[in-house]
Amino acid sequence: MEEKETKKVIGLMSGTSCDSIDAGLCEVNPDMSVKLVHGINYSYPEHIRAKLFSAFRGEISIKELCQLNFAVGKCFANAANVLIEEFGKPDLISSHGQTVYHYPYDEKLDNISLKSTLQIGESSIIAKDTGCMVVSNFRESDIALGGQGAPLVCFADEKWFKNSLVQNIGGISNVTVVSDDCETFGFDTGCGNIMIDYCVQKFFGGKYDKDGKIAASGNICESWLDCLLQDEYYFLEPPKTTGREYFSNKYIENILKTAPSEPKDIITTLTALTAKTIAQAYERFVYPQVHADTVIIGGGGAYNKTMMKFLRNYLPKRIELKTHEDYGISNNFKEVMAFALLGYCTYYGIPNNVPSCTGADKRTVLGKITY
Ligand SMILES: Nc1ncnc2c1ncn2[C@@H]1O[C@H](COP(=O)(O)OP(=O)(O)O)[C@@H](O)[C@H]1O
Ligand SMILES: [Mg+2]
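Right, let's walk through the structure included here. The model shown is predicted, which means the values in this text are computed figures rather than measured ones. (Residues numbered from 1 in each chain as written. Chains lettered and ligands numbered in written order. Predicted model: local features only at pLDDT ≥ 70, side-chain atom pairs only at ≥ 80, totals over all residues. Heavy atoms only, no water.)

### Here we look at the pattern of salt bridges
A side chain of one charge can pair with a side chain of the opposite charge if their charged atoms are brought near each other.
Moving on, step 1. Under the counting rule described, the total for this entry stands at twelve salt bridges.
Moving on, step 2. The partner of K213 in a salt bridge is D211, and the shortest N-O contact between them spans 3.8 Å.
Moving on, step 3. Several salt bridges converge on common partners, so that one network encompasses K210, D211 and K213. (Salt bridge = Lys/Arg side-chain N within 4 Å of Asp/Glu carboxyl O.)

If you want it as structure tokens, here you go:
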């Protein structure tokens, strides 16, 4: 095998929140450490973002989906080119793409599995527009081996952290359990910011609850919270993953039928829901298996002060609550750094899924390379 060297990798990622294309120039080292040189949050043009949200609602045609794959590829290329103009070409680009559908269920048609996932952002457009090799489409190979194709960031968490619960709070929330006591495992704990963002937009007209200010101004409606906590997803045994297909606009509109009348109480309660489902997921699926003292939060939710306060209240007192920034890793660019590492491994043919997290039959090299 080729001798491994430090590589310059641009990681590109847009998560379920669809808040921005996060692009980060990273140095990825043979020991699997990653240094972020510079990161940017590149906004989708308004109408492209609106089309993506139509796609999430299942309201676009096949024609529009076809177009959107190439258009999103162009946006990803533009984001990479902002970094390339300043820092020059990287050795490779690693692009997660934009998930438009994730179907991790074992449903069958003619005895053929329908388990599937779709990330768009055509890699050929990124490769030709930047002149760089692109690694993309990481999730498919894991699904081909019976996994859920997610969560993938666990691979990086296992390399970067020791004896911690590494909790991302993006649109969806997911945890990686890294412990000396057992094999690394991880799963989606439930909603992160999706429902908060939706209700902030619906009732207050903003994109999200900046710093958790709206949530700080309201009260938790305990009866509504209890009712939301009964959702069956929270009781499912891992491995499990979820997305906008489940926590859809329809789902949110449905729960809003029994919501408190004050919009700010809705935001406060949904913020508490994310924190409480994380705490309960640990009680149900983590503490019985591993001893844990440290929780490390990342993703946009780490900036929501009210969410962090609720988490502090719901987690056992012995738990130390930290953010990635305490470890010198940006909350904002952690996933980009993780995908830079995944792309680096694909380049060198190093297996980069974690079957104990995804449920795949075995380890494999994820991703497709476009020259
Ligand atoms: N300063 C902030 N205060 C409160 N919430 C924030 C802040 N910054 C980001 N967020 C929340 O985090 C979300 C984006 O998180 P991110 O980790 O990018 O998720 P994803 O991977 O799903 O895109 C935003 O939609 C918003 O809800
Ligand atoms: Mg994001």
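And the narrative resumes.
### Digging into unusual backbone geometry
Moving on, step 1. With an omega of -10°, the peptide bond running from A150 to P151 counts as cis.
Moving on, step 2. On the secondary structure map, P151 appears in the loop between α4 (139-144) and α5 (154-160).
Moving on, step 3. The step from P238 to P239 runs through a cis peptide bond, and the omega angle for that step is 0°.
Moving on, step 4. Topologically, P239 is positioned in the loop between α8 (222-228) and α9 (249-256).
Moving on, step 5. The phi dihedral of N163 falls on the positive side, at around 40°, and the residue is not glycine.
Moving on, step 6. Within the secondary structure layout, N163 lies in the loop between α5 and β9 (164-169). (Helix = DSSP H or I, 4+ residues; strand = E, 2+ residues; numbered from the N terminus.)

### So, the site of ligand 1
Moving on, step 1. With respect to spatial proximity, 18 residues lie near ligand 1, and among them S17, G171, D197, D211 and G300 are the closest.
Moving on, step 2. Within the side chain of D19, a nitrogen or oxygen atom sits 2.9 Å from an oxygen atom of ligand 1.
Moving on, step 3. Contact distances for ligand 1 include 2.7 Å between an oxygen atom and a backbone N or O atom of G171.
Moving on, step 4. Here the residues of the shell around ligand 1 sort into two nonpolar, ten polar and six charged. (Near = heavy atom within 4 Å. Polar contact = N/O pair within 3.5 Å; in protein donor to acceptor, adjacent residues only side chain to side chain. Nonpolar A, V, L, I, M, F, W, Y, C, P; charged D, E, K, R; others polar.)

### Some details on the pairing of strand β1 (residues 7-14)
Moving on, step 1. Among the eight residues of β1, seven are classified as buried, and the element is accordingly described as predominantly covered.
Moving on, step 2. Pairing geometry for β1 and strand β2 (residues 21-28), over seven bridges, is antiparallel. Considered in β2, the bridge of V9 is made with C26.
Moving on, step 3. Counted along the chain from β1 to the antiparallel partner β2, the turn is six residues long, and its residue C18 has a positive phi close to 60°.
Moving on, step 4. Of the strand pairs in this sheet, β1 and strand β4 (residues 92-103) are connected by five bridges, and their pairing is parallel. Bridging across to β4, S14 finds its partner in Q98. (Buried < 20%, exposed > 50% of the residue type's maximum accessible area, 1.4 Å probe, protein only. Pairing = 2+ DSSP bridges.)

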